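Structure at a glance
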Amino acid sequence: MRVLVIGGGAREHAICSAVCKSDAELYAFMKNANPGIKKIAKDYFLHDECNAQKVLSYALNKNIELAIIGPEAPEEAGVTNVLEKHGIMVASPSKEAAEIETNKEFMRNIMEKYRIRGSVKWKSFSNAEMAKEFIEMLSGEVAVKPVGLTGGKGVKVAGDHLKSIEDAVKYAKEVIEKKIGGIGKVIIEEKVVGEEFTLQAFCDGKNIFPMPAVQDHKRLLPDDKGPNTGGMGSYSCKDGILPFMTYDDYEEAAVILQKIIEALKREGREYKGTIYGQFMLTSDGVKVIEINARFGDPEAMNVLPLLKTDFVDICVSMAEGNLNSKMISFEAKSTVCKYVVPEGYGISPKANQEIFVNEEGIREEGGILFYASVNEIDGKIYTTTSRSLAIVGIAEEIEEAEKICERSLQHIKGNVFIRHDIGKKELIEKRIKHMEMLRG
Ligand code: AMP
Ligand code: GLY
């Protein structure tokens, strides 16, 4: 089968690697020349991934049978719709179904309309004065979010980034006036307290099939300090849940995802592809923070290397609407993924810095390397302002996976930054204690 992957980040490198494990021919469409994808693809094309007509003409030209879209922006631009219209199967949601991610107001409205558990108090505003009233009503214990897309960087939370009611009001005003996220509208949500986790699931329009749970680390600095980023690293556990949660919590999150896709179907927006739930486990159960219409980045890198069954078969069945649980099986192993980012990332990242990647050394340590936003020029690797690459360690226990990851990271040199605390015992124990405290 001829498969096209759209997107050139580390998540897409992981998707491409999974495609190559199947009996498939890989083609790539990306805006940057990801060195890892370049190496394994039969052919690739460099262009803006949101240009649906360009994606279509490349796909037709290469006789593509199945397409998989990594990032949300091409989904929002209608790439799925255009490809499907020309008879190409797509294992990613249509523009309309992807609104569950691209429009946070739509997501909260769906949860309300269909009385789906796990939502939070929220309201959206295009008037700063009214936003202020609601912020005050919630005593400033809020999360302030642009309604549209900001790549995980537009959300500010009381206590973390907002030190007072005034701060929250000021940011809400800024979101409206500067149209942050592309829409002059802000969502104010009740701030919920707990431990976050990600649940990704394959979805064929009717049913969801959940993958192992993962915990991402959005904050830039060790011990969860600093600004939010696209994600600095993540881990998962061999039993499919995380050390601070129970199987009931996992099940609860899966039920919420199932109800959301049922609601989307009733709205005439059938959802096909991977769906991603960002949840907060609180003293009051599982709460939805956001829903994404794709694999997580970095979370795809935790789960895809564990997939024992055929990824392309799963994608075809998602697109055709006939997925079944026998087609999906993951290795019972733990994983730790750490991102390598350019120095200054999240504040003032240094681009065009050479980084030295000893691929052989990483392989010998047992680590898996996924390239992200780097440029390869004359065989040398240079940073951009985005995340550079990620390393994944896989083992029985999280501790061992973390060590593999760290040993592999020693084979990378340059002006880079890494959150070394991800997957370490101290941080995980802190999470367990936090949850124990919250649950009394
Ligand atoms: P999002 O882009 O919606 O995932 O938000 C980024 C981060 O902000 C999340 O990963 C959470 O850590 C935090 N956050 C978002 N919404 C809330 C909320 N309602 N309560 C507490 N924290 C939140
Ligand atoms: N890991 C966060 C995201 O993919 O949105």
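Whatever comes next refers back to the structure up there.
The present account deals with the structure reproduced in this document. (Residues numbered from 1 in each chain as written. Chains lettered and ligands numbered in written order. Predicted model: local features only at pLDDT ≥ 70, side-chain atom pairs only at ≥ 80, totals over all residues. Heavy atoms only, no water.)

1. Considerations on helix 14 (residues 398–409)
The condition that has to hold: By definition, any uninterrupted DSSP run of H or I lasting at least four residues is a helix, any uninterrupted run of E lasting at least two residues is a strand, and each is numbered from the N terminus. Here the expected length of a helix is defined as 1.5 Å per residue gap, with one fewer gap than residues. With a 1.4 Å probe rolled over the protein chains alone, any residue whose accessible area is under 20% of its type maximum counts as buried; one over 50% counts as exposed, and the rest are partly exposed.
The end-to-end C-alpha distance of helix 14 is 16 Å, a good match for the 16 Å that 12 residues give at a rise of 1.5 Å each. Among the residues making up helix 14, those that are buried are Ile-398, Ala-401, Glu-402, Ile-404, Cys-405, Glu-406, Ser-408 and Leu-409.

2. Describing the sheet that holds strand 19 (residues 354–357)
Convention followed: Pairing between strands is defined by DSSP: at least two bridges between the two strands are required.
Read from one edge of the open sheet, four strands run 21-22-19-24, paired in antiparallel fashion. Whereas interior strands pair on both sides, the edge strands pair on one side only; in this sheet they are strand 21 (374–377) and strand 24 (412–413). In the sheet, strand 21 pairs with strand 22 (residues 380–383) via four bridges, with the strands oriented antiparallel. Bridge pairing in strand 22 links Val-374 to Thr-383.

3. Section: the site of ligand 1
Just so we agree on the cut-off: Throughout, near means a residue has at least one heavy atom within 4 Å of the molecule or strand. Nitrogen and oxygen atoms within 3.5 Å of one another constitute a polar contact, given that in protein one can donate a hydrogen and the other can accept it, and given that sequence-neighbouring residues count only through two side-chain atoms. A 1.4 Å probe and the Shrake-Rupley method give the accessible areas. Residues count as covered only by the protein chains that appear here.
Taken together, 15 residues are adjacent to ligand 1, and Lys-145, Glu-189, Val-192, Glu-196 and Glu-290 come closest. A distance of 2.9 Å separates a nitrogen atom of ligand 1 from a polar atom in the backbone of Val-192. Considering ligand 1 on its own, with 470 Å² of exposed area, one finds that the protein chains cover 94% of that surface. Where the shell around ligand 1 is concerned, the elements lending two or more residues are strand 7 (142–146), strand 9 (186–190) and strand 17 (285–292).

4. Examining the nonpolar core
Applied cut-off: Take the buried residues of types Ala, Val, Leu, Ile, Met, Phe, Trp, Tyr and Cys, join any two whose side-chain atoms come within 4.5 Å, and each joined set is a nonpolar core.
Grouped together as the largest cluster of nonpolar side chains are 60 residues, with contacts concentrated most on Ile-100, Phe-197, Met-245, Tyr-271, Phe-279 and Leu-389. When residues of this core are assigned to their parent elements, the largest contribution, nine residues, is made by helix 10 (residues 247–266). Among the nonpolar cores identified, the runner-up in size contains 48 residues, and Val-19, Ala-91, Val-214 and Leu-304 belong to it.

5. Some thoughts on the sheet that holds strand 8 (residues 156–157)
So the rule is basically this: Residues are treated as being in contact if the distance between any of their heavy atoms lies within 4.5 Å. Structural elements are reduced to axes, namely lines fitted to C-alpha atoms, with helices fitted over the stretch in contact, and the angle between N-to-C directions of any two is expressed from 0 to 180 degrees.
In space, the four strands of this open sheet follow the order 6-9-7-8, with antiparallel pairing throughout. Looking at the sheet topology across the chains shown, the edges are occupied by strand 6 (122–125) and strand 8. Sheet topology places strand 7 next to strand 9; five bridges connect them, and they run antiparallel. Counterpart to Pro-146 in the pairing with strand 9 is Val-186. Contacts between helix 7 (residues 104–113) and the sheet are confined to strand 6, strand 7 and strand 9, with strand 6 contributing the most and set at about 140 degrees to the helix. Packing of helix 8 (residues 128–137) onto the sheet brings it into contact with strand 6, strand 7 and strand 9, and relative to strand 6 it is tilted by some 160 degrees.

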